[in-house]
Structures are given as C-alpha cells and as structure tokens.
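Topology and contacts: notes
Letter by letter, the chains look like this.
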Amino acid sequence: MTTPTELSGLPATRSTPSAIKRPRKSTAARIANTHVDSGVDYDSDARLLVFREGAEDPRVAAARMMLHGAASEDARVAMEAIRAELPPATAKKMSDYKSSLPAAAVEAIRPFVENAVALALPKTTHSVETLLGPCMHFVYWAVYVIGADLDADIIFKRELIENYVREAAKDRSEGTRRNHRAWLFRVAEAANPEANPRNPMPLNARAVETPYDADGFVALGRWAAGQKTPHMRTAAKTLLALGAGAGLRASEIAVLRREAITVDEKGRVTIEITEGGPHRVVPVTAQFEKSLAKAAKVMPPGSFAFLPNRVRTGHEVVSAFVGRSSMPPGSPVVRASKLRNTWLVRQMTNRVDVLTLMDAAGLQSLESISRLASYVPRPSEKDRLAQLRGTR
C-alpha cells in the first residue's frame, strides 16, 4: 500500500481501509432489523461493557470484514451500527484518544484499530482506554516497522503478538508486558477468531542457544588456529577466551578495554567488567589463561581487548568478525551467546555455587541457569546421594 506522503522516514506500506461511510437509510434499516440480543451489559459504575454468553450478533461477522480487506457496503454499515451502540462515554474516550506516535501514521491506521477495539469491547471486561493504546502501538509496529499489511488475518495472530511483547516492548516491565499481551489477545480473539488459538508462550521463552559439546569445543580451537593471518588468529583466540573462558556477552566483549584484563604473578587472568553489563570481576578459566595473557601483552594501552584497532563499539562487531573469518567446511557456528552458554554449563558441571555463578555471569535471576540445566551432566547416583547427605 502507498504510505501517506507526510509519513517521512516510515517504510512504504499498502493502502489502508477507507474511513467508515455513513450508511444509506435503507441499508441501515435492513441491518438494524436483523439485530438480536447482543449479550452485552454495561456497568456504568465501572464504565465497562460486560459480555454475556450467547449467540454472536450476526452483524459482528459482517463488521469484522472491515478488518480483513473486504470493506463492502454491508461491512461498513454493520461496523457503523456496532460503533453507534457504544455507550457515549466510551465513544468519546475513543474519539478523544491521542497517541504519541507519528500523527500521519496514526491517522492511517486509526480506523482499523478503533474497529478492532469496538468488536472486542463487548467480549471483555476491559475498558476502551485499556485496549486502545496498546492496540495502537502494536498495529503501528506491525505496519510501519515490520511492514505487514493492514489485515487482521496477518496482524492479529498470536505469534506476532508474542513477538511484539517479547522483543519490541522488552524495555517495559514484565508485568506491563504481560498485561499488554493479555489485552492484545482479547482484541485478536474478536478481530480474528478463526486463527487457531494456542496457549500463550512464556515471555522468556526464547530459543536457547545450544552450548558447544566436546567435539564442538575442539572444532572451535581448530577454527581459531586455522585463520589465515596472525591478526585474525589472535582475534579468534581472544574471542574464545572472553566468551567460552569468561562467559562475557557480545556487548561486553565489544567494549572491553586492555586495562580491564589483569594477569597476576602466577599467570592467573581476571577481567573487570565496567561497561556493557553488570559490574563484576570474572576469573578466566585455566584453559584460556595463556592465550589471553599473551594477547594482552601486545595490546596498545587504552585499546579494545578484542580487535584493538577498531573504533566501532556495537555488539555486532563480534558477528561481523566471524562473518569475515575463514570458515572451512565443517567449521562450527561461532556466536558469543553459544560461547557464553558453554561457559555457564561448564561452571554448572563443575558444581560452582549458584550464587557465585550468578555474580560472575552478571545475572539477576536464575532464568538463564534454569534453561541450561538440561545440558549439565547428571552425577552418578552415588555422588547424588553423597551430595544430598552432605558428605561430598
């Protein structure tokens, strides 16, 4: 669809449904004559519409087509009739709503959003002010950020709502995100009931980056040693030491400076994290001490620890380096998140105290640890019994 000319900087989209037209009297009368008990009660004290179980108003299916790109005359008339039955206070709150989003974008999607909310109100105890804001922001994101068609079949899918709540709204508190997800689900059920419902995914249910197994870990060493230049070999070994040897995140690797690495008289290496993640001091595992200490000796003062000559600090520097590295057939996928998870699993395998591990990893909760627990080898029955008895 064609983006309104005033939407500078927004991605191009296809046309939005036209504004609702006033129904012809004859058509409006015909629609009105088909009205049955809608099963709606209005609680004036709570300012809520309450849905009672019963048959769906036959106008709703027709009105719903306004959200599916089939804006027939009957659909427009049905939607107009449903919106006309909204309590005056509700209709006023809907028309008075102002969004912080770009005005031209809001104007383009507002009829679609308002129509969806109008269909949802009789089916929920939520108020119009509760549903309208989150729905407007969600539809704006769907249309102008990911470029979706303004069609309920595409937008009001649980998968898309889940993705929006987990990713686009991740700067909000978990409680707010849960509420917004629940509200958007209610609108989606009214706007696109044919979509197959499923149980909501947990907000933290992202795919877990599988840690490297023993063979994968050996292959990582071959990948680093097989780079074509000394510079690339040193960078690859440093990346492994920081990721698999200290559990640093990509954001932490990207901003780490030479001065954050300390090597004591016995060759033990520690890293102080002051940027990119929670402040902490992390000892590097013995396997990577020598390679990181060797690399640190030749790092210029004030330089970055990983790729000292660069000026960029975004966490994508890790993936960019891996992308230009030599990757012979059979080379493992190299990602900072997989390296970090491997470090976490190895620490858990070594039975590091959970609070000690959380401090070293910069974790505020057990979420990451619990999601990786299935990769930790179980001790023998004898050792488990000894641990539980406190004799081991």
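Rules behind the numbers
- Residues numbered from 1 in each chain as written.
- Predicted model: local features only at pLDDT ≥ 70, side-chain atom pairs only at ≥ 80, totals over all residues.
- Heavy atoms only, no water.
- Helix = DSSP H or I, 4+ residues; strand = E, 2+ residues; numbered from the N terminus.
- Buried < 20%, exposed > 50% of the residue type's maximum accessible area, 1.4 Å probe, protein only.
- Contact = heavy atoms within 4.5 Å.
- Areas by Shrake-Rupley, 256 points an atom, 1.4 Å probe, with all protein chains shown as cover.
- Axes fitted to C-alpha atoms, helices over the stretch in contact; angles between N-to-C directions.
- Parallel < 35°, antiparallel > 145°, perpendicular 65-115°, else oblique.
- Left-handed = near helix turned anticlockwise from the far one by under 90°.
- Nonpolar A, V, L, I, M, F, W, Y, C, P; charged D, E, K, R; others polar.
- Pairing = 2+ DSSP bridges.
- Patch = residues over 30% accessible without salt bridge, like charges linked within 9 Å, V, L, I, M, F, W, Y side chains within 5 Å.
- Salt bridge = Lys/Arg side-chain N within 4 Å of Asp/Glu carboxyl O.
- Phe/Tyr/Trp six-rings, centres within 6.5 Å; stacked < 30°, edge-to-face > 60°.
- Lys NZ or Arg CZ within 6 Å of the ring centre and 35° of its normal.

**Looking at the overall build of the protein**
- In terms of regular secondary structure, the protein is built from 18 helices and five strands.
- By residue count, 43% of the 392 residues in the protein fall in the buried class.
- Across the protein, the fraction of contacts at a sequence separation of at least 24, relative to all contacts at a separation of at least 6, is 64%.
- Approximately 20,400 Å² of the protein is accessible, and the part contributed by carbon and sulfur atoms is 53%.

**Remarks on the packing of helix H11 (residues 230-243) against helix H13 (residues 286-297)**
- Following both chains from N to C, one finds H11 and H13 inclined at 130 degrees, their axes separated by 9 Å at the closest point. Comparing their axes, H13 and H11 come out oblique. Between H11 and H13 lies a crossing of left-handed hand. Side by side, H11 and H13 meet where Thr234, Lys237, Thr238, Leu240, Ala241 and Leu242 of the first sit next to Phe288, Ser291, Leu292 and Ala295 of the second.
- Broken down by class, the residue content of the contact of H11 with H13 amounts to six nonpolar, three polar and one charged.

**Considering the environment of alanine 386**
- Inspection of the secondary structure assignment puts alanine 386 in helix H18 (residues 381-389).
- Its relative accessible area of 16% is what places alanine 386 among the buried residues.

**Overview of the sheet that holds strand S5 (residues 280-283)**
- In space, the three strands of this open sheet follow the order S3-S4-S5, with antiparallel pairing throughout. A strand with exactly one partner marks an edge of an open sheet, and here the two such strands are strand S3 (261-263) and S5. Strand-to-strand, the axes of this sheet are offset by a mean angle of 25 degrees, without reference to chain direction.
- Contacts from H13 reach S3 and strand S4 (269-273), with the element oriented near 65 degrees to S4.

**Quick notes on the packing of helix H10 (residues 214-225) against H11**
- Following both chains from N to C, one finds H10 and H11 inclined at 150 degrees, their axes separated by 8 Å at the closest point. Put simply, H10 runs roughly antiparallel to H11. Counted together, Leu220, Gly221, Trp223, Ala224 and Ala225 of H10 and Arg233, Ala236, Lys237, Leu239 and Leu240 of H11 form the full contact between these two elements.
- For the contact of H10 with H11, the per-class residue count stands at seven nonpolar, one polar and two charged.

**Details of the pairing of S5**
- Side chains Arg280 and Val282 project from S5 onto a buried face, and the interleaved Val281 and Pro283 project onto a face without burial.
- The sheet contact formed by S4 and S5 spans four bridges and is antiparallel. In the sheet register, isoleucine 273 faces S5, and the bridge partner there is arginine 280.
- The turn linking S4 back onto S5 is made up of six residues, and glycine 276 within it adopts a positive phi angle of 80 degrees.

**Looking at a nonpolar patch on the surface**
- Together, Val354, Leu355 and Leu366 give the surface a local cluster of nonpolar side chains, amounting to about 270 Å² of exposed area.
- Relative to the elements of secondary structure, leucine 355 occurs in helix H16 (residues 354-361).

**Some remarks on the packing of aromatic side chains**
- By the definition in use, this model includes nine aromatic pairs.
- Between phenylalanine 138 and tyrosine 164, the ring centres sit 5.3 Å apart and the planes meet at 65 degrees, which makes this aromatic pair edge-to-face. In this pair, phenylalanine 138 is assigned in helix H6 (residues 128-145) and tyrosine 164 in helix H8 (residues 158-168), connecting sequence segments 26 residues apart. Side by side, phenylalanine 138 and tyrosine 164 carry an identical accessibility label, which is buried.
- With centroids separated by 6.0 Å and ring planes inclined at 75 degrees, the aromatic side chains of phenylalanine 217 and phenylalanine 288 adopt a geometry described as edge-to-face. One end of the pair, phenylalanine 217, is in helix H10; the other, phenylalanine 288, is in helix H13, and 71 residues separate them in sequence.
- The ring of phenylalanine 304 carries the charged tip of arginine 310 above its face, separated from the ring centre by 4.0 Å.

Keep in mind that these numbers describe shape and distance, not what the molecule does.
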